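What follows is each chain in one-letter form.
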Amino acid sequence: MIARVPLVLDPQPEGGYTVTSPLLPELITEGETVSEALANAEDAFAAVMEIYEDTGRLLPQSICLDDTNGPVSVEALVAIP
């Protein structure tokens with residue numbers, strides 16, 4: 001499955017980033033660097049998918065891509081102090 005999930009990377013005063021998603025409030029993770037935070041977000045998304053499957057909830061339609069063979073755009077919002 002390919003999904004387009006909006007992410008917010010919020011820099012923390014002690015360093016690193018907290019990652020959340022406005023469409024999936026259950027998705028919360030962190031990372032020391034942007035690349036680590038994004039990798040952790042993939043793991044967190046997989047966990048959220050399991051939660052949704054186990055509870056019979058559907059993912060928001062807006063995050064599912066119909067054409068999995070076409071180009072995929074990636075978007076991340078990064079808060080700049």
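The structure displayed is predicted, hence computed values, not measured ones.

Peer 1: Would you explain the overall build of the protein chain in this entry?
Peer 2: Counting its regular elements, the protein chain contains one helix and four strands. In the protein chain, the succession of α and β elements from N to C terminus is β-β-β-α-β. Burial statistics for the protein chain: of 81 residues in total, 25% are counted as buried. Taking contacts inside the protein chain between residues at least 6 apart in sequence as the whole, the part at least 24 apart equals 41%.

Peer 1: Explain the nonpolar core here, please?
Peer 2: What tends to happen in soluble globular proteins is that the nonpolar side chains get buried as a cluster. Core analysis: the biggest nonpolar cluster contains 14 residues, and V5, L7, V19, L24, L27 and F45 have the highest contact counts within it. Those elements that provide at least two residues to this core are β1 (7–11) and α1 (34–55). It is α1 that provides the largest number of residues to this core, a total of six residues. Residues contacting L24, with those up to four places away along its chain left out, are V5, F45, V48, Y52, L59, P60 and I63.

Peer 1: What is the right way to read the environment of S62 from this model?
Peer 2: Within the secondary structure, S62 sits in the loop between α1 and β4 (76–78). S62 sits in the partly exposed class, given a relative accessible area of 46%. The sequence separation of S62 and L23 amounts to 39 residues, and the corresponding C-alpha distance is 9.0 Å.

Peer 1: What is the right way to look at the pairing of strand β2 (residues 17–20) in this model?
Peer 2: In summary, the side chains of a regular strand alternate between the two faces of the sheet. Where β1 meets β2, four bridges bridge the pair, whose relative direction is antiparallel. Counted as the bridge partner of D10 is T18 from β2. The antiparallel hairpin formed by β1 and β2 contains five residues in its connecting segment, where G15 sits at a positive phi of about 110°. Where β2 meets strand β3 (residues 28–31), four bridges bridge the pair, whose relative direction is antiparallel. Paired with V19 across the bridge in β3 is T29.

Reading the values: the criteria
- Residues numbered from 1 in each chain as written.
- Predicted model: local features only at pLDDT ≥ 70, side-chain atom pairs only at ≥ 80, totals over all residues.
- Heavy atoms only, no water.
- Helix = DSSP H or I, 4+ residues; strand = E, 2+ residues; numbered from the N terminus.
- Buried < 20%, exposed > 50% of the residue type's maximum accessible area, 1.4 Å probe, protein only.
- Contact = heavy atoms within 4.5 Å.
- Core = buried A, V, L, I, M, F, W, Y, C linked by side-chain atoms within 4.5 Å.
- Pairing = 2+ DSSP bridges.

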